[in-house]
Amino acid sequence: MGPVAFVVIAGVAVGSALGLVFKRNPIHGALFLVVNLGSVAALYLTLGAEFLAAAQVIVYAGAIMVLFVFAIMVLIPGKEETGPDPRRAYRLLALPVGAVLLVLLAVVVVSGARGRAPAATSATAAPDGVEAIARLLFTDYLFPFELTSVLLLAAMVGVLLLARRPVS
Amino acid sequence: MIPAPEAWYLALSAVLFCIGVVGVIVRRNPLVIFMSIELMLNAANLAFVAFGHRLGSADGQAVVFFVMAVAAAEVAVGLAIIVAIFRLRRRLSVDDLSLMRW
């Protein structure tokens with residue numbers, strides 16, 4: 001059951017990621033990205049990270065993608081990326097670069113999976129669930145947690161400043 | 001439910017990350033480039049959660065929480081910058097934005 005679910009969800013994730021990169025219309029790309037984020041949330045569920053799955057749906061698929069779609073609606077006139085590409089040679093290099101990177105990462109993953117991987121310590125009371133994260137966030141990670149709120153405030157003020165029309 | 005091995009999750013994470021890299025290089029629209037960056041962040045998050053699951057600790061999930069917060073801030077600021085550029089130039093292609101290139 002577990003591996004089958006993983007393969008299905010992973011197929012959806014990879015397909016939607018490819019759709020994001022290779023569809024010309026950015027609004028299609030945004031919708032593909034929503035699908036991708038949802039499938040990653042499902043993968044979080046299979047890993048027992050319920051809190052992150054919910055946060056993923058709320059923060060990413062909800063808030064961030066609404067921002068993206070809104071920006072696309074405001075900015076993009078229908079089609080884009082038409083016409084001759086002034087830097088075609090560079091872009092043709094992208095696929096080999098991506099393939100080389102993929103091979104590198106695959107080597108790392110495979111060697112790590114069969115090498116001296118540390119024994120799975122799931123015996124140590126697998127502290128999954130919301131309670132474990134909450135405990136961590138408010139003890140060990142309390143300072144970064146508070147810094148995050150400052151960061152969000154700074155981002156909000158900065159965005160207001162950037163988006164304001166210049167007073168003439 | 002028996003989960004799939006963690007190495008599968010890492011492999012999927014690597015694939016998604018590479019797709020994001022290709023997207024950043026190939027596309028000309030800054031919005032799509034931004035979305036590809038989000039894709040890469042998600043791939044890294046998936047690797048974090050998989051490692052945390054393997055080690056039986058919740059630290060990976062805590063880190064992912066922070067990544068999400070930073071990504072939200074980054075998207076807000078980035079989209080504001082893109083909108084500001086569009087107001088100035090009326091065009092939206094990263095090839096036009098070579099002002100700060102040496």
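Rules used throughout
Residues numbered from 1 in each chain as written. Chains lettered and ligands numbered in written order. Predicted model: local features only at pLDDT ≥ 70, side-chain atom pairs only at ≥ 80, totals over all residues. Helix = DSSP H or I, 4+ residues; strand = E, 2+ residues; numbered from the N terminus. Rg over C-alpha atoms; globule rule 2.2 N^0.38 Å. Buried ≥ 20, exposed ≤ 12 C-beta atoms within 10 Å, placed from the backbone. pLDDT = per-residue confidence, 0-100. Core = buried A, V, L, I, M, F, W, Y, C linked by C-beta atoms within 7 Å. Domains from an automatic or database assignment. Contact = placed C-beta atoms within 7 Å. Expected span 1.5 Å × (residues − 1). Bend = angle between axes of the 7 residues up to and from the residue. Nonpolar A, V, L, I, M, F, W, Y, C, P; charged D, E, K, R; others polar.

Asks: How should I be thinking about the overall build of chain B in this particular structure?
Replies: Within chain B, the secondary structure is distributed over three helices and zero strands. Taken against the 2.2 N^0.38 rule, which gives 13 Å for 102 residues, the C-alpha radius of gyration of chain B at 17 Å runs more than 25% over that of a compact globule. In terms of its C-alpha atoms, chain B occupies a principal-axis envelope of roughly 55 × 30 × 25 Å. Relative to its full complement of 102 residues, chain B shows a buried share of 53%.

Asks: What am I meant to see in the confidence of the model for chain B here?
Replies: A low pLDDT score tells you not to read the predicted coordinates there in detail. Taken over all residues, the pLDDT of chain B has a mean of 86, while the share at 70 or more is 95%. Scored as a complex, the prediction yields pTM 0.86 and ipTM 0.88.

Asks: Looking at this structure, how should I read the nonpolar core?
Replies: Residues Tyr44 of chain A together with Leu16, Met35, Leu46 and Val49 of chain B are the most contacted members of the largest nonpolar core, which totals 67 residues. Counting only elements with at least two residues in this core, the list comes to helix H1 (2-22), helix H2 (26-46), helix H3 (50-75) and helix H6 (130-137) of chain A together with helix H1 (6-26), helix H2 (30-55) and helix H3 (59-89) of chain B. In terms of residue count, H1 of chain B provides more of this core than any other element does, 13 residues in total. Mapped onto the domain boundaries, this core takes at least three residues apiece from domain 1 (1-79) and domain 2 (129-168) of chain A. Excluding residues within four positions of it along the chain, Val49 of chain B makes contact with Tyr44, Leu47, Ala49 and Leu52 of chain A together with Gly60, Gln61 and Val64 of chain B.

Asks: How should I be thinking about H3 of chain A in this particular structure?
Replies: Two residues of an α-helix separated by three or four positions point the same way, owing to the 3.6 residues in each turn. Compared with an ideal rise of 1.5 Å per residue, which puts 26 residues at 38 Å, H3 of chain A spans 36 Å between its outermost C-alpha atoms and is within 8% of the ideal. The sharpest bend along H3 of chain A measures roughly 35° and falls at Met65 of chain A. Taken together, the buried positions of H3 of chain A are occupied by Phe51, Leu52, Ala53, Ala55, Gln56, Tyr60, Ile64, Phe68, Ala71 and Ile72 of chain A. The inward-facing, buried residues of H3 of chain A abut H2 and H6 of chain A together with H2 and H3 of chain B.

Asks: So what exactly am I meant to see when it comes to the interface of chain B and chain A here?
Replies: Accessible area lost upon the coming together of the parts serves often as the stated size of an interface. Contacts between the two partners involve 62 residues from chain B, matched on the other side by 73 residues from chain A. For the side of chain B that touches chain A, the elements supplying multiple residues, two or more each, are H1, H2 and H3 of chain B. With 22 residues, the top contributor of residues to the side of chain B that touches chain A is H3 of chain B. Class assignment of the residues belonging to the side of chain B that touches chain A gives a composition of 49 nonpolar, eight polar and five charged.

Asks: How should I be thinking about the confidence of the model for chain A in this particular structure?
Replies: For chain A, per-residue confidence averages 82 on the pLDDT scale, and 83% of positions sit at 70 or higher. The secondary-structure element of chain A with the lowest mean pLDDT is helix H4 (residues 88-92) of chain A, recorded at 76, while helix H7 (residues 142-163) of chain A shows the highest, at 92.

Asks: Looking at this structure, how should I read the domain arrangement of chain A?
Replies: Along its sequence, chain A is carved into domain 1 (1-79) and domain 2 (129-168). Its C-alpha centre places domain 1 of chain A at a distance of 23 Å from the equivalent point of domain 2 of chain A.

Asks: Help me understand H3 of chain B, please; the structure alone is not making it clear to me.
Replies: With 31 residues, H3 of chain B should reach 45 Å at 1.5 Å per residue; the first-to-last C-alpha distance of 44 Å fits that figure. Along H3 of chain B, the residues that are buried comprise Gly60, Gln61, Ala62, Val64, Phe65, Met68, Ala69, Val75, Ala76, Leu79, Ala80 and Ile82 of chain B. Packed against the buried residues of H3 of chain B are H3, H6 and H7 of chain A together with H2 of chain B.

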